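Single-letter residue listing:
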Amino acid sequence: MLFFSFFKTLTNQVVTIELKNDIRIRGVLKSVDQYLNIKLDEVDVLDLDKYPHLSSVKNMFIRGSVVRYVVLPRSEVDVGLLEDATRREAANQVSKAR
């Protein structure tokens with residue numbers, strides 16, 4: 001749930017998604033759901049020479065299970081807040097396991 005909540009705060013920001021099949025896509029994050037499925041608008045494929053068939057795609061729905069990486073704008077990420085939230089989430093998981 002931590003990443004879902006975090007990604008929801010990044011809507012309308014430009015992100016780069018790298019898929020497991022090595023396609024890299026940049027676009028405006030429009031929505032994300034609990035399965036980390038992602039909807040992008042204003043899509044640009046970064047390796048257009050390798051994937052010319054994607055040149056006409058302007059919006060995209062990406063299934064969460066095919067995402068390798070999400071590259072976020074550095075200015076939009078509060079690292080301290082994210083680290084604290086991760087520690088709290090880990091502590092909650094440990095206490096539930098006992």
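Since the model is a prediction, treat every value here as computed from it, not as a measurement.

### Examining the packing of aromatic side chains
So, step 1. Across all of its chains, the model carries 1 aromatic pair by this definition.
So, step 2. Taking 6.0 Å as the distance between ring centres and 55 degrees as the angle between the ring planes, the aromatic pair formed by Phe6 and Phe7 counts as tilted. Just as Phe6 is buried, Phe7 falls in that class too.

### Quick word on the pairing of strand E1 (residues 14-19)
So, step 1. Within E1, 5 of the 6 residues are buried, which leaves it mostly tucked inside the rest of the structure.
So, step 2. One ladder, built from 5 bridges, connects E1 with strand E2 (residues 24-32); its direction is antiparallel. If you follow Val15 over to E2, its bridge partner there is Gly27.
So, step 3. Between E1 and E2, which pair antiparallel and follow one another directly, the connecting turn spans 4 residues, one of which, Asp22, has a positive phi of 75 degrees.

### Some details on unusual backbone geometry
So, step 1. Its identity as a non-glycine residue notwithstanding, Asn12 has a phi of 65 degrees, on the positive side.
So, step 2. Mapping Asn12 onto the fold places it in the loop between helix H1 (2-8) and E1.
So, step 3. In this structure, Leu36 is a non-glycine residue whose phi angle is positive, near 60 degrees.
So, step 4. Secondary-structure assignment places Leu36 in the loop between E2 and strand E3 (38-45).

### Thoughts on the pattern of salt bridges
So, step 1. If you walk through the whole model with that rule in mind, you get 5 salt bridges.
So, step 2. The salt bridge partner of Lys39 is Asp41, with a shortest N-O separation of 3.0 Å.
So, step 3. With relative accessibility at 31%, the residue Lys39 sits in the partly exposed group.
So, step 4. Arg87 is the salt-bridge partner of Asp84, the closest N and O atoms lying 3.1 Å from each other. Placement of both Asp84 and Arg87 in helix H2 (residues 79-97) is noted, with a separation of 3 residues, approximately one turn of the helix.

Criteria and cut-off values
- Residues numbered from 1 in each chain as written.
- Predicted model: local features only at pLDDT ≥ 70, side-chain atom pairs only at ≥ 80, totals over all residues.
- Heavy atoms only, no water.
- Phe/Tyr/Trp six-rings, centres within 6.5 Å; stacked < 30°, edge-to-face > 60°.
- Buried < 20%, exposed > 50% of the residue type's maximum accessible area, 1.4 Å probe, protein only.
- Helix = DSSP H or I, 4+ residues; strand = E, 2+ residues; numbered from the N terminus.
- Pairing = 2+ DSSP bridges.
- Salt bridge = Lys/Arg side-chain N within 4 Å of Asp/Glu carboxyl O.

Note that every value here comes from positions in space, so none of it alone points to a role or purpose.
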